[in-house]
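Summary of structural features
For reference, the chains in residue letters:
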Amino acid sequence: MDHSAIPQLKYTSGKNFFLLCGPCAIEGEEMAMRIAETIVAITDRLEIPFVFKGSFKKANRSRVDSFTGIGDEKALKILRKVSETFKIPTITDIHQVSDAELAAQYVDVLQIPAFLVRQTDLVVAAAETGKVVNLKKGQFMSPESMRHAVNKVADSGNKQVWITDRGTMFGYQDMIVDFRGIPVMKQFAPVVLDVTHSLQQPNQTSGVTGGRPELIDTIARAGIAAGVDGIFLETHFDPANAKSDGANMLPLDQLEGLLTRLTALRRTVNEF
């Protein structure tokens, strides 16, 4: 499969969904390369366009002692090595305006975190780099309101924009996916479903986020059936010891089975 470029239509006009996948955070070079190599082998076989995901830093932490990263440029250089080694595009999230120009030197897609998607300066800074911009829908926002975030990117002269749904707050410590929002947001931009973060259970009491990873298959299959363009998944070969979001990540050895089922389901959906 040719991974040499990522124009938007390449990722949304094919018969299969595209995949944003990788660890929550870049913990080191060996782990990133190991995860990327495994995913590339699977996605090449299944003909799934693949973007490797990894946060170069974690700014949104519940507690001050939570893991935030191994160093900005160190992590970004690892992302670039993944891209150059496997000839795949990469995506990372940014948290402040200065991150946009820095990260754009190393990755292909800039992701705006859900809590920050209303921050106009941040969205515009990402758009002005010319990179693809992935807007995560705020847990507190309606699907209809994402039109305005998309317009901020377009009004900045960048037509390469995706929307990623990562669930909506349900009470204080749970998330739900409202699948009615997918066709609404597809009117504005290609839509990705963030399966693993949609299964988070934020715990404001302990400051450690939980999750329901046993429902990953259910939510992912429902997303494909509802017509999403892409799937977002975080995975790790040892989720229990991952530095961030291990409670809702998919074990790496379960990824091939899941993607095989989703690809088969996509073929069936395409018949309707």
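Preceding this paragraph is the structure being described.
Structural notes, computed from the coordinates.

Criteria and cut-off values
- Residues numbered from 1 in each chain as written.
- Predicted model: local features only at pLDDT ≥ 70, side-chain atom pairs only at ≥ 80, totals over all residues.
- Heavy atoms only, no water.
- Phe/Tyr/Trp six-rings, centres within 6.5 Å; stacked < 30°, edge-to-face > 60°.
- Helix = DSSP H or I, 4+ residues; strand = E, 2+ residues; numbered from the N terminus.
- Buried < 20%, exposed > 50% of the residue type's maximum accessible area, 1.4 Å probe, protein only.
- Lys NZ or Arg CZ within 6 Å of the ring centre and 35° of its normal.
- Salt bridge = Lys/Arg side-chain N within 4 Å of Asp/Glu carboxyl O.
- Pairing = 2+ DSSP bridges.
- Right-handed = clockwise from strand over helix to strand, strands pointing away.
- Expected span 1.5 Å × (residues − 1).
- Contact = heavy atoms within 4.5 Å.
- Axes fitted to C-alpha atoms, helices over the stretch in contact; angles between N-to-C directions.
- Parallel < 35°, antiparallel > 145°, perpendicular 65-115°, else oblique.
- Left-handed = near helix turned anticlockwise from the far one by under 90°.
- Nonpolar A, V, L, I, M, F, W, Y, C, P; charged D, E, K, R; others polar.

Here we look at the packing of aromatic side chains
- A full pass over the atoms with the stated rule returns 2 aromatic pairs.
- Taking the centre distance of 4.8 Å and the plane angle of 45° together, the rings of F18 and W162 count as tilted. In this pair, F18 is assigned in strand β1 (residues 18-22) and W162 in strand β6 (residues 161-165), connecting sequence segments 144 residues apart.
- A relative accessible area of 0% means that F18 is categorised as buried.
- Plain terms: the ring middles of F50 and F52 are 6.5 Å apart, the flat faces sit at 85° to each other, and that makes the pair edge-to-face.
- The exposure class assigned to F50 is buried, which follows from its relative accessible area of 0%.
- A cation over a ring is seen here: R34 above F237, with NZ or CZ 3.8 Å from the ring centre.
- The side chain of K136 reaches across the aromatic face of F232, ending 4.1 Å from its centre.

Quick look at the environment of D108
- With respect to the helices and strands, the residue D108 is situated in the loop between α4 (97-104) and β4 (109-112).
- Through-space distance from the C-alpha of D108 to that of F52 is 9.9 Å; in sequence the pair is 56 residues apart.

Structural notes on the pattern of salt bridges
- Evaluated as defined, the whole model comprises 11 salt bridges.
- Put simply, D99 and K57 hold a salt bridge, and the shortest N to O gap is 3.2 Å. One end of the pair, D99, is in helix α4; the other, K57, is in the loop between β2 (50-53) and α3 (72-86), and 42 residues separate them in sequence. In this pair, the class of D99 matches that of K57, namely buried.
- The residue K186 makes a salt bridge to D229 at a minimum N-O spacing of 4.0 Å. Remark: D229 occurs in the loop between α8 (216-226) and β12 (230-236) and K186 occurs in the loop between α7 (181-185) and β9 (191-194); sequence separation between them is 43 residues.
- Residue class for D229 comes out buried when judged on its relative accessible area of 12%.
- Residues participating in the shared-partner salt-bridge network are K57, D72 and D99.

What about the pairing of β4?
- Neither face of β4 is exposed, since V109 and Q111 on one face and L110 and I112 on the opposite face are all buried.
- Sheet topology note: the strand β3 (residues 90-93)/β4 ladder contains 3 bridges and is parallel. Within β4, the residue paired with T92 across the bridge is L110.
- Following the backbone out of β3, through α4 and into the adjacent parallel β4, one traces a crossover that is right-handed.
- Here 4 bridges tie β4 to strand β5 (residues 132-136), and the two strands are oriented parallel to one another. Within β5, the position partnered with I112 by the bridge is L135.
- Once you follow β4 into helix α5 (residues 120-128) and on to β5, the crossover reads as right-handed.

Quick look at helix α9 (residues 255-269)
- Between its first and last C-alpha atoms α9 spans 21 Å; for 15 residues at 1.5 Å apiece the expected length is 21 Å, and the two agree.
- Against β1, α2 (29-46), α8, β12 and β13 (250-251) lie the buried residues of α9.

Points about the packing of α8 against α9
- Running from N to C, α8 and α9 point in directions that differ by 25°, and their axes come no closer than 9 Å. Judged by the angle between their axes, α8 and α9 are roughly parallel. For the crossing formed where α8 meets α9, the hand is right-handed. Listed contacts from α9 to I216, D217, A220, R221, I224 and A225 of α8 are L258, R261, L262, L265, R266 and V269.
- Residue composition of the contact of α8 with α9, by class: 8 nonpolar, no polar and 4 charged.

A word on α2
- Across its 18 residues, α2 extends 26 Å between first and last C-alpha, which sits within 8% of the 26 Å expected from 1.5 Å per residue.
- Taken together, the buried residues of α2 touch β1, β2, α3, β12 and α9.
- The first or second residue beyond α2 is E47, which carries a positive phi of 55°.

Examining the pairing of β6
- The buried fraction of β6 is high, at 5 of 5 residues.
- Residues V161, I163 and D165 line one face of β6 and the alternating positions W162 and T164 line the opposite face, and both faces are buried.
- Inspection of the sheet shows β5 paired to β6 by 4 bridges, in the parallel sense. Its bridge partner lying in β6, N134 is registered against W162.

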